[in-house]
Amino acid sequence: MTRYQSLADKISALIREGVLRPNERIPSVRSARRSYDVSPATVLHAYRLLEDRGEIAARPRSGYYVCARPIQQLPQPETLEPRGSAAVVDVNELVFEVLNSIKDLSKVQLGAAFIDPSFFPLKKLARYLGQAGRRIDRNTLVEYLPPGHARLRAQIARRYLDYGCSVRPEEIIITTGALEALYLSLCAVASPGDVVVVESPAFYAQLQALELMHVKAVEIPTHPREGIVLPALAKALRQRRVKACWLMTNFQNPMGFLMAEEKKKELVNLLSRHDVPLIEDDVYEELYFGKEKPKPAKAFDKRGLVLHCSSVSKYLGPGYRVGWAAAGRFATDVERHKWMMSLATCMPAQAAISDHLIGGALNHYLRGLRQALVQQRDDMLASIARHFPKGTSATRPEGGYFLWVELPRSVDALKLHRLALEQEISIAPGPIFSVRRKFNHCIRLNFGYRWSPRSEEAIRTLGRIVGSLL
Ligand SMILES: Cc1ncc(COP(=O)(O)O)c(C=O)c1O
């Protein structure tokens, strides 16, 4: 047994014996290093192992804490679907069936794509919106036309710089949410009939965009914890003319993985060698649970080939519809498409979000939100461990708010979705994330809602239905 395993076991024993109690902070790396006479790296390794076992959890800027209820023996998924051939996308019917169920707020929102609305600072934003509405007049109106308000673009560029990613305000185009940024980016790099690479599984709205634009998709195997399999991507790039690659590197929807920084570099280099643009969807970038915000692949792009798309929808308010594309060498094309497709992004919303970004309260708010999400993740994993049958595995994301749950192979996720709806629970079944309707034994669950007895009951009910479908 290595030193770090033995240290992890010692701390596990303290938790089991109640010396370290639920929600209690465990010794800092520095003090554990001194007490156990080991190196800081050994302590960190041991803490990561305990995190993987679900016994402790990191809280941003605060340290490591004992999980409320240990996540016992819930393994992490490993399934990789083999690569598909270039295929016409046809997912709309299925996706809309599921989206309709998400719109019904009386249901337990395990299938939703947003966090609990009670987190959003809506009152504050409404104040800013009112002020902005009064400020904008016919003389200032033009300032908000594409590429968007200069101050807002400068603030966004500044936030990139804060984590070592150099993006010029001139390459940023303000859009109506990240989804428009993604569509405009796709328009800038691909045309109907072209082939675009996607992850397998991938965010369903991405597949819908390809369907709408008549662009074919090649699904590349994607590991639930490590992201897209680069050798498979390299092979696809060698074998056919690929016009673009559309991926998530941070807290991917639906699996939640965070791609390692080295891998992001490799990805950018690989695409650069083939001169293939990368559309990078990074809407969960602010919802990281580790100490630092992870860099996007964009940070390693030297040739302007990455179109980085994001928004404030996932943490400030989806209704404001403020997003952007940092589009590198495609900025002019994206800006022109923005003019053609929707003229401009709502002007008072641009001003209100800009005012909010200036206020120092945003970082404080985000810290609280991240802490709440970590706790909710652990609560949901612990509940799944208690109520789901043997053979279930789930990812343990380090950011965002989605768990990817793999059920025993015999379970039909679409059937589960329909039966769960009868019990007033929405879920997102695996096949909506796949061109070839794979992942029919998988579901995506949202842990962005505040944990309550109703959540526990919903997971218990789901577990019971899963059991009945075995
Ligand atoms: C991965 C991903 N990208 C983009 C979006 C859309 O973001 P927005 O609401 O800013 O358009 C979502 C929302 O569900 C998402 O999950």
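Now for a quick tour of the structure. Since the structure is predicted, the reported quantities are computational estimates derived from the model, not experimental observations. (Residues numbered from 1 in each chain as written. Predicted model: local features only at pLDDT ≥ 70, side-chain atom pairs only at ≥ 80, totals over all residues. Heavy atoms only, no water.)

## Structural notes on the overall build of the chain
Within the chain, the regular secondary structure consists of 15 helices and 16 strands. Since a compact globule built from 470 residues should have a radius of gyration of about 23 Å, the 22 Å found for the chain is in line with a globular shape. In the chain, the share of contacts with a sequence separation of at least 24, taken over all contacts with a separation of at least 6, comes to 77%. On the chain, roughly 19400 Å² of surface is accessible, and the fraction owed to carbon and sulfur atoms is 52%. (Helix = DSSP H or I, 4+ residues; strand = E, 2+ residues; numbered from the N terminus. Rg over C-alpha atoms; globule rule 2.2 N^0.38 Å. Contact = heavy atoms within 4.5 Å. Areas by Shrake-Rupley, 256 points an atom, 1.4 Å probe, with all protein chains shown as cover.)

## Remarks on empty space enclosed by the protein
Inspection of the entire model under this criterion finds three cavities of 30 Å³ or more. Roughly 80 Å³ of internal volume is contained in the largest cavity. Lining the largest cavity, in full, are Ile156, Arg159, Tyr160, Tyr163, Glu285, Glu286, Lys293, Tyr315, Trp324 and Leu357. When residues in the lining of the largest cavity are grouped by element, the largest group, three residues, is from helix α6 (residues 150–162). Residues of the lining of the largest cavity, tallied by class, amount to six nonpolar, no polar and four charged. By volume, the second largest cavity amounts to about 40 Å³. Lining the second largest cavity, in full, are Val268, Leu271, Ser272, Val276, Leu278, Asp301, Leu305 and Val306. (1 Å grid on protein atoms, 1.4 Å probe; cavity = no way out; pocket = protein on both sides within 12 Å on 5 of 7 lines; lining within 4 Å. Points joined across faces, edges and corners; volume = space filled by probe spheres on them. Nonpolar A, V, L, I, M, F, W, Y, C, P; charged D, E, K, R; others polar.)

## Considerations on the site of the ligand
As a structural note, the neighbourhood of the ligand is formed by 15 residues, with Asp281, Tyr284, Ser311, Ser313 and Lys314 the closest of them. Between a nitrogen atom of the ligand and a side-chain N or O atom of Asp281, the distance comes to 2.6 Å. Ser311 is positioned such that a nitrogen or oxygen atom in its side chain is 2.7 Å from an oxygen atom of the ligand. Because more than half of its atoms lie within 2 Å of the grid, the ligand is assigned to the second largest pocket. With four residues, helix α7 (residues 177–189) is the single largest residue contributor to the shell around the ligand. Looking at the shell around the ligand residue by residue, the classes come out as eight nonpolar, four polar and three charged. (Near = heavy atom within 4 Å. Polar contact = N/O pair within 3.5 Å; in protein donor to acceptor, adjacent residues only side chain to side chain. Sits in = over half its atoms within 2 Å of the grid points.)

## Digging into the layout of surface pockets
Within this model, the largest pocket holds a volume of roughly 1100 Å³. Around the largest pocket sit 43 residues that line it, and Arg48, Glu51, Leu258, Gly290 and Glu398 are the ones nearest its centre. For the lining of the largest pocket, the secondary structure elements donating two or more residues are α3 (40–52), β1 (56–59), β2 (63–66) and α10 (261–273). Take the lining of the largest pocket: its biggest share by element is five residues, from α3.

## Points about the sheet that holds strand β4 (residues 172–176)
The eight strands are arranged β4-β11-β10-β9-β8-β5-β6-β7 in an open sheet whose pairing can be described as mixed. Two strands bound the open sheet, and with one partner strand each, they are β4 and β7 (227–228). Set on the sheet, α7 makes contact with β4, β5 (195–200), β8 (244–247), β9 (278–281), β10 (306–311) and β11 (322–326); between it and β10 the angle comes to about 160°. Sitting on the sheet, helix α11 (residues 331–342) touches β4, β10 and β11, and the angle it makes with β4 is about 25°. (Pairing = 2+ DSSP bridges. Axes fitted to C-alpha atoms, helices over the stretch in contact; angles between N-to-C directions.)

## Some points on the packing of helix α1 (residues 3–16) against α3
Direction vectors running N to C along α1 and α3 enclose 55°, while the axes themselves pass 8 Å from each other. Classified by the angle their axes make, α1 and α3 are oblique. Considering only the axes of α1 and α3, their crossing is right-handed. In this structure, α1 contributes Arg3, Tyr4, Gln5, Leu7, Ala8, Ile11 and Ser12 to the contact, and α3 contributes Thr42, Val43, His45, Ala46, Tyr47, Leu49 and Leu50. Its residues placed into classes, the contact of α1 with α3 shows nine nonpolar, four polar and one charged. (Parallel < 35°, antiparallel > 145°, perpendicular 65-115°, else oblique. Left-handed = near helix turned anticlockwise from the far one by under 90°.)

## A few points about the sheet that holds strand β15 (residues 428–429)
An order of β12-β13-β16-β15 is seen for the four strands of this open sheet, with the pairing classed as antiparallel. Each edge of the open sheet is held by one strand with a lone partner, namely β12 (393–394) and β15. As paired elements, strand β13 (residues 402–406) and strand β16 (residues 442–446) share five bridges and run antiparallel to each other. Within the sheet, the bridge partner assigned to Leu403 lies in β16 and is Leu445. Running at roughly 15° to β13, helix α13 (residues 361–387) makes contact with β12, β13 and β16 of the sheet.

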